[in-house]
Amino acid sequence: MSAQQTQSIEHTDVLERSIFHKSSPGRWGVTLPEVGVAESDVQTLLPEAFVRKQSPRLPEVSQLEAVRHFVRLSQLNHCIDTGFYPLGSCTMKYNPKVCDLYGQLQGFTNLHPKTPAHLSQGSLKLVYTLQQLLADITGFDQVSLQPAAGAQGELVGMMMIKAYFEKTGQTQRTEVIIPDSAHGTNPASAAMCGFKVVELRTSQTGGLVSAEKIKSLLSDKTAAVMLTNPNTAGLFETEILEITQAVHDAGGLMYYDGANLNAVVGQVRPAEMGFDVMHINTHKTFATPHGGGGPGSGPVAVNKILEPFLPTPIVAFDDDRYYLQTDRPDSIGRVKVFNGNFEMMARSLTYILAYGAEGLEQLSKDAVLNANYLKEKLRDDYHLAYDRVCKHEFVLTSHKQKEQHPELNQMNTMSIVKRLMDYGFHPPTVYFPLIVHEAMMIEPTETESKETLDRFIEAMKTIAKECQDTPEMILNAPHTTPIQRVDETTAARNPDLNYFSANN
Ligand SMILES: *Cc1c(COP(=O)(O)O)cnc(C)c1O
């Protein structure tokens, strides 16, 4: 932080100083039980290099001070529990608290991951039931819950595709076709498996993937095509059946990036669009926590062709008992310790069962309705990147506002969304998808009320007017947040991550 920023922090009441500043020798918050190991034993049990010479430098505060500190810090953050969070592609929807309740049942959380199957039938049943429900929802034959995120699901999907072509003696299939609208994890996952990524451009086809174009890229080198549908601009691929047919005719496989499943769950099943494998982001569609570094869960679902290659073990059911099926000779192996992040599975299952089939079907309809409502209400104020019915998200740009002030460099998407923070909203996703210049990608999700959507519309309209009348309000925004506009280049290029070096 610069000297100037440090000063403004110290003058701001709401900002919280580090907990080390509150430390006072001898204060304590909890008493810990006696350790059952004598100090002399520690010396003999641990290699010399690992034995502490000094006490750790921990803050010494009372319990009340610690609680207040962290609650205050949490209140400096915008979160889904405090406000609208229209982050496109991320599906920041409300997680019903009942998911926490069942995810945290002590019978689940206290279960040792090495408990033998005959003593953990309940937990195995939970995993098995979720596998079955996800297979049912997506139309696929089998599911693995091991991957810890969507990105790892992609990697697992590509590993299975690779294993399939090796098994069938088609090692010449080294190319994976990915549209330029895809999430960056798609080409990364394909490349990590040793595939060559072939980019498919969508700029001349209104953001959609054209079957014609795909056909021109297909060859006997094609291993797979990775698609997101609806795509990252919120548009449903209109030629999807022709595309999946053409890829199969050319001997390739279809990978479905399931990050946007929230838009179609209960309406259409990815397997029926002609896909062979997909991942599901449970934190986007099935209400497990989002962000904060996990733990996450990104199940993969496959059809019969890829089933033998699924990670091992799979939870199976036989003669009234659930067990870990490990006898899978073609499996790509284990991709996560134990069987994945179990608590996330408990949450997802709770969510799916609480909604039921009809609830899930209604959910995606509401998500799509909310997005189209916002889009129609804002179309006169902002330039709409794709003027057509959208699914669960849509893309605006700041072109109109830039044109009003060609002399102002900073009259752009970044400034506009920073001003949204002053109105109490989290900014939408910006500068993504990369194919749209100055993109603002807005996803309201199904969980927001009409009143919230109307307040967001009002704020966006007010901002459009401010861009015209009082541009300085926009250029210097945000004005009401604990930290105002920071120098992002310096923050990225020369980060100062040490509180004490900046403040002492
Ligand atoms: C979020 C997202 C991913 C990556 O999923 P993670 O669970 O964040 O790893 C992949 N593709 C798209 C389109 C996404 O939105």
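Quick notes on the rules
- Residues numbered from 1 in each chain as written.
- Predicted model: local features only at pLDDT ≥ 70, side-chain atom pairs only at ≥ 80, totals over all residues.
- Heavy atoms only, no water.
- Helix = DSSP H or I, 4+ residues; strand = E, 2+ residues; numbered from the N terminus.
- Buried < 20%, exposed > 50% of the residue type's maximum accessible area, 1.4 Å probe, protein only.
- Areas by Shrake-Rupley, 256 points an atom, 1.4 Å probe, with all protein chains shown as cover.
- Salt bridge = Lys/Arg side-chain N within 4 Å of Asp/Glu carboxyl O.
- Near = heavy atom within 4 Å.
- Polar contact = N/O pair within 3.5 Å; in protein donor to acceptor, adjacent residues only side chain to side chain.
- Core = buried A, V, L, I, M, F, W, Y, C linked by side-chain atoms within 4.5 Å.
- Contact = heavy atoms within 4.5 Å.
- Domains from an automatic or database assignment.
- Pairing = 2+ DSSP bridges.
- Axes fitted to C-alpha atoms, helices over the stretch in contact; angles between N-to-C directions.
- Phe/Tyr/Trp six-rings, centres within 6.5 Å; stacked < 30°, edge-to-face > 60°.
- Lys NZ or Arg CZ within 6 Å of the ring centre and 35° of its normal.
- Parallel < 35°, antiparallel > 145°, perpendicular 65-115°, else oblique.
- Left-handed = near helix turned anticlockwise from the far one by under 90°.
- Nonpolar A, V, L, I, M, F, W, Y, C, P; charged D, E, K, R; others polar.
- Right-handed = clockwise from strand over helix to strand, strands pointing away.
- Patch = residues over 30% accessible without salt bridge, like charges linked within 9 Å, V, L, I, M, F, W, Y side chains within 5 Å.

Is there a simple way to think about the overall build of the chain in this case?
Along the backbone of the chain there are 18 helices and 13 strands. When the backbone C-alpha atoms are referred to their principal axes, the chain occupies close to 75 × 70 × 45 Å. The buried share among the 504 residues of the chain stands at 46%. For the chain, the exposed area adds up to about 25,000 Å²; of that, 53% sits on carbon and sulfur atoms.

Just to check I follow, could you spell out the pattern of salt bridges for this structure?
Pairing is possible between side chains that carry opposite charge, provided their charged atoms lie close to one another. All told, the structure shown has 27 salt bridges when counted by the stated rule. The salt bridge involving Arg347 is made with Asp100; its shortest N-O contact spans 2.5 Å. Here Arg347, found in helix H12 (residues 342-378), pairs with Asp100, found in helix H4 (residues 97-103); they are 247 residues apart in sequence, far enough to count as distant. Of the charged contacts, one joins Asp381 and Lys461 as a salt bridge, the two residues approaching to 2.7 Å between their closest N and O atoms. Placement of the pair is Asp381 in the loop between H12 and strand E10 (383-384) and Lys461 in helix H15 (residues 450-469), with a sequence separation of 80 residues. Under the relative-accessibility criterion, Asp381 is labelled buried at 18%. Looking at Lys461, the relative accessible area reads 30%, which means it is partly exposed. One salt-bridge network, in which partners are shared between bridges, spans Lys375, Glu376, Arg379 and Asp387.

Looking at this structure, I do not really get the site of the ligand. What am I missing?
In the vicinity of the ligand, 13 residues are found, and the nearest of them are Ser89, Gly150, Ala151, Asp257 and Lys284. Here an oxygen atom of the ligand and a side-chain polar atom of Ser89 are 2.7 Å apart. Asn281 places a side-chain nitrogen or oxygen 2.9 Å from an oxygen atom of the ligand. Elements with a minimum of two residues in the shell around the ligand: helix H7 (150-167) and helix H11 (282-285). Element by element, the count of residues in the shell around the ligand is highest for H7, at 3 residues.

For this particular structure, what's the right way to read the nonpolar core?
Note on soluble globular proteins: their nonpolar side chains tend to be buried together. By size, the foremost hydrophobic cluster in this structure holds 46 residues, and its most contacted members are Leu134, Ile214, Leu227, Ile243, Phe275, Phe286 and Leu360. Residue assignment for this core shows that the elements contributing at least two residues are helix H6 (121-138), strand E3 (196-200), helix H9 (211-217), strand E4 (222-228), helix H10 (240-249), strand E5 (253-257) and H12. Once you skip the residues sitting within four places of it in the chain, Ile243 turns out to touch Val209, Ala211, Ile214, Leu227 and Met254.

Before we go on, may I ask you to explain the domain arrangement of the chain in this structure?
The extent of an interface is frequently quoted as the accessible surface area lost upon association of the parts. Structurally, the chain comprises domain 1 (3-76), domain 2 (97-356) and domain 3 (364-493). Measuring from the centre of the C-alpha atoms in domain 1 to the corresponding centre in domain 2 gives 41 Å.

Explain the sheet that holds strand E13 (residues 439-442) to me, please; I cannot follow it from the model alone.
The strands making up a sheet associate through hydrogen bonds between their backbones, and the pairing can be parallel or antiparallel. Pairing is antiparallel in the open sheet, where 4 strands are placed in the order E10-E11-E13-E12. Whereas interior strands pair on both sides, the edge strands pair on one side only; in this sheet they are E10 and strand E12 (429-430). With 2 bridges connecting them, E10 and strand E11 (residues 394-397) associate as antiparallel partners. By the bridge assignment, Leu384 is partnered in E11 with Leu396. With respect to the sheet, H12 is in contact with E10, E11 and E13, its orientation differing from that of E11 by roughly 25°. In the packing of helix H14 (residues 413-422) onto the sheet, the strands contacted are E12 and E13, and the crossing angle to E13 comes to about 40°.

Explain the sheet that holds strand E1 (residues 142-144) to me, please; I cannot follow it from the model alone.
Ordered by their spatial adjacency, 7 strands build an open sheet running E1-E7-E6-E5-E4-E2-E3, and the pairing between neighbours is mixed. Two strands bound the open sheet, and with one partner strand each, they are E1 and E3. The mean angle between the axes of side-by-side strands here comes to 20°, regardless of whether they run parallel or antiparallel. On top of the sheet, H6 reaches E1, strand E6 (277-279) and strand E7 (300-302); it is set at about 125° to E1, its chief contact. On the sheet, H7 packs against strand E2 (175-179), E4, E5, E6 and E7 and is oriented at approximately 175° with respect to E5.

Could you clarify how one ought to interpret the packing of aromatic side chains in this entry?
Both the distance between ring centres and the angle between the ring planes are used here to describe each pair of aromatic rings. Tallied over the entire structure, the rule returns 12 aromatic pairs. Between the aromatic rings of Phe84 and Phe456, the centroid separation amounts to 5.1 Å while the plane-to-plane angle is 80°, which identifies the pairing as edge-to-face. Of this pair, Phe84 sits in the loop between helix H3 (63-75) and H4 while Phe456 sits in helix H15, placing them 372 residues apart in sequence. Considered together, Phe84 and Phe456 belong to a single accessibility category, that of buried residues. Aromatic ring contacts, followed pair by pair, group Phe84, Phe425 and Phe456 into a single cluster. Sitting over the ring of Phe20, Arg57 keeps its end group 5.6 Å from the ring centre.

Looking at this structure, I do not really get the environment of Thr202. What am I missing?
Within the fold, Thr202 resides in the loop between E3 and H9. Along the backbone, Thr202 and Ile442 are 240 residues apart, and their C-alpha atoms lie at a distance of 20 Å. Setting aside residues no more than four positions away along its own chain, Thr202 makes contact with Pro179, Asp180, Ser181, Gly207, Leu208, Val209 and Ile435.

Sorry if this is basic, but what is going on with the packing of H14 against H15 here?
Think of two packed helices as two axes; the pair is described by the angle between the axes and how far apart they sit. Packing of H14 against H15 leaves a shortest axis separation of 10 Å and a crossing angle of 130°. Considering the angle they form, H14 stands oblique to H15. H15 is crossed by H14, and the crossing has right-handed handedness. Packed against H14, whose contacting residues are Ile416, Arg419 and Leu420, the element H15 presents Phe456, Ala459, Met460, Ile463, Glu466 and Cys467 at the interface. Of the residues in the contact of H14 with H15, the class split is 7 nonpolar, no polar and 2 charged.

What exactly am I supposed to notice about the pairing of strand E9 (residues 321-325) here?
Sheet faces and side chains relate simply in a regular strand, where the side chains alternate between the two faces. In terms of strand pairing, strand E8 (residues 314-318) meets E9 through 5 bridges, oriented antiparallel. Within E9, the residue paired with Phe317 across the bridge is Tyr322.

How should I be thinking about the pairing of E3 in this particular structure?
Pairing between E2 and E3: 5 bridges, direction parallel. The partner of Val176 across the bridge, within E3, is Val197. With respect to chirality, the unit in which E2 leads through helix H8 (residues 185-192) into the neighbouring parallel E3 is right-handed.

Whenever I open this one, a nonpolar patch on the surface confuses me. Can you help?
A contiguous nonpolar patch, built from Val98, Leu101, Tyr102 and Leu105 and spanning about 340 Å² of accessible area, is present on the exposed surface. Here Leu105 is to be found in the loop between H4 and helix H5 (106-109). Judged by relative accessible area, which is 37%, Leu105 ranks as partly exposed.

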